[in-house]
Amino acid sequence: MLLSPTDLEAIALTLRLATVTTLILFLVGTPIAWWLARTRSRWKGPVGAVVALPLVLPPSVLGFYLLVTMGPNGPVGWLTQTLGIGLLPFTFWGLVVGSVFYSLPFMVQPVQNAFEAIGERPLEAAATLRASPLDRFFTVALPLALPGFVTAGILSFAHTVGEFGVVLMIGGNIPGETRVASVQIYDYVEALEYGNAHRLSAVLLVFSFVVLLALYAWRPDRGRR
């Protein structure tokens, strides 16, 4: 069961996309999750709903609006052209932007739940020792929320690997640039090359199973029970 060079290229691009997206999501999703876990603002509900929107929104809808926003007549497209960056659609970084939006709830929600599970007492105890808000966050909240971060990272990475609709809308099908594994499978099926589609699909199936197995098997608090 050998994969072709085109398959390997698509897999490598997929893993690169998932890695970059997950790293960005850690940076973007952590402050959002912390704010949602701690705030009592009336905006908590609307912000939480916006974060969770990709869970119920069809990927083609999200991809379409991102495509319009980043296109030559959209505000982001105008900005990137003004800065000399060029247009993001049909580029790798366009895929990254779409993937960050699409996988955002898979990062924010587990981390938010982990922050909420900490409660107030550990942070109040640190405050009585004159720890600053940043000290309390980095020395108390982050270590206690580590299981949530691990779960969020695994889910975000795996979800990005399995994307199809968003990446196809934003990136199209450019070999070596935007043709990820899911799009490669679609090409095989469209060309009635079911053997090639089966081989690449089997790789993604095994990957998904291993990721979920690791997620359910990894329980850092197992020994405390």
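Residues numbered from 1 in each chain as written. Predicted model: local features only at pLDDT ≥ 70, side-chain atom pairs only at ≥ 80, totals over all residues. Heavy atoms only, no water.

Looking at an unreviewed UniProt entry, the protein chain carries the name Molybdenum transport system permease, with the source organism given as Thiohalocapsa halophila. Comment text from UniProt for the protein chain, heading Function (unreviewed entry), reads "Part of the binding-protein-dependent transport system for molybdenum; probably responsible for the translocation of the substrate across the membrane." In its Sequence similarities (unreviewed entry) section, the UniProt entry covering the protein chain states "Belongs to the binding-protein-dependent transport system permease family. CysTW subfamily." (UniProt positions renumbered as here; feature names shortened; annotations may be inferred.)

(A) Region of the structure containing the overall build of the protein chain. Across its full length, the protein chain carries 11 helices and 0 strands. Moving toward the C terminus, one meets the helices and strands of the protein chain in the order α-α-α-α-α-α-α-α-α-α-α. Along the three orthogonal principal directions, the C-alpha set of the protein chain runs to about 65 × 50 × 30 Å. Per-residue burial over the protein chain gives 37% buried out of 225 residues. Contacts in the protein chain between residues at least 24 apart in sequence constitute 72% of all its contacts with a sequence separation of at least 6. Summed over all atoms, the accessible surface of the protein chain reaches about 12700 Å², with 68% contributed by carbon and sulfur. Counting 14 positive and 12 negative side-chain charges, the protein chain places the averaged centre of each group 16 Å from the other. (Helix = DSSP H or I, 4+ residues; strand = E, 2+ residues; numbered from the N terminus. Buried < 20%, exposed > 50% of the residue type's maximum accessible area, 1.4 Å probe, protein only. Contact = heavy atoms within 4.5 Å. Areas by Shrake-Rupley, 256 points an atom, 1.4 Å probe, with all protein chains shown as cover. Lys, Arg positive; Asp, Glu negative; His and termini not counted. Charge placed at Lys NZ, Arg CZ, Asp CG, Glu CD.)

(B) Main features of the UniProt feature "transmembrane region" (unreviewed entry) in the protein chain. Following the UniProt record, one finds the feature "transmembrane region" (unreviewed entry) at residues 12-37, 49-71, 83-104, 137-158 and 200-218. Overall, residues 83-104 shows 59% helix and 0% strand. The separation of its end C-alpha atoms is 26 Å. Overall, residues 137-158 shows 95% helix and 0% strand. The separation of its end C-alpha atoms is 27 Å.

(C) Region of the structure containing a nonpolar patch on the surface. Nonpolar side chains collect at one region of the surface, where Trp78, Leu79, Leu83 and Ile85 lie side by side and expose about 470 Å² of accessible area between them. When you line up the elements, Ile85 lands in the loop between α4 (75-82) and α5 (92-118). (Patch = residues over 30% accessible without salt bridge, like charges linked within 9 Å, V, L, I, M, F, W, Y side chains within 5 Å. Salt bridge = Lys/Arg side-chain N within 4 Å of Asp/Glu carboxyl O.)

(D) Seen up close, the pattern of salt bridges. Counted by the stated rule, this structure contains 3 salt bridges. The partner of Glu120 in a salt bridge is Arg38, and the shortest N-O contact between them spans 3.1 Å. Of the two residues, Glu120 sits in the loop between α5 and α6 (121-128) while Arg38 sits in helix α1 (residues 5-38), which places them 82 residues apart along the sequence. For Glu120, a relative accessible area of 42% corresponds to the partly exposed category. Here Arg38 falls in the partly exposed class, since its relative accessible area comes to 36%.

(E) Molecular detail of the UniProt feature "domain: ABC transmembrane type-1" (unreviewed entry) in the protein chain. UniProt's feature table lists "domain: ABC transmembrane type-1" (unreviewed entry) at residues 11-215, given in the numbering used throughout. A distance of 22 Å separates the end C-alpha atoms of residues 11-215, which is 78% helix and 0% strand.

(F) Molecular detail of helix α3 (residues 59-70). For α3, which comprises 12 residues, the first-to-last C-alpha distance of 16 Å matches the rise-based estimate of 16 Å (1.5 Å per residue) to within 8%. Looking only at α3, the buried set comprises Leu62, Gly63, Leu66 and Met70. Relative to the axis of α3, the buried residues are bounded by an arc of 95 degrees and lie together on one face. Buried residues along α3 sit against α4, α5 and α9 (165-171). (Expected span 1.5 Å × (residues − 1). Arc of directions from axis to C-beta.)

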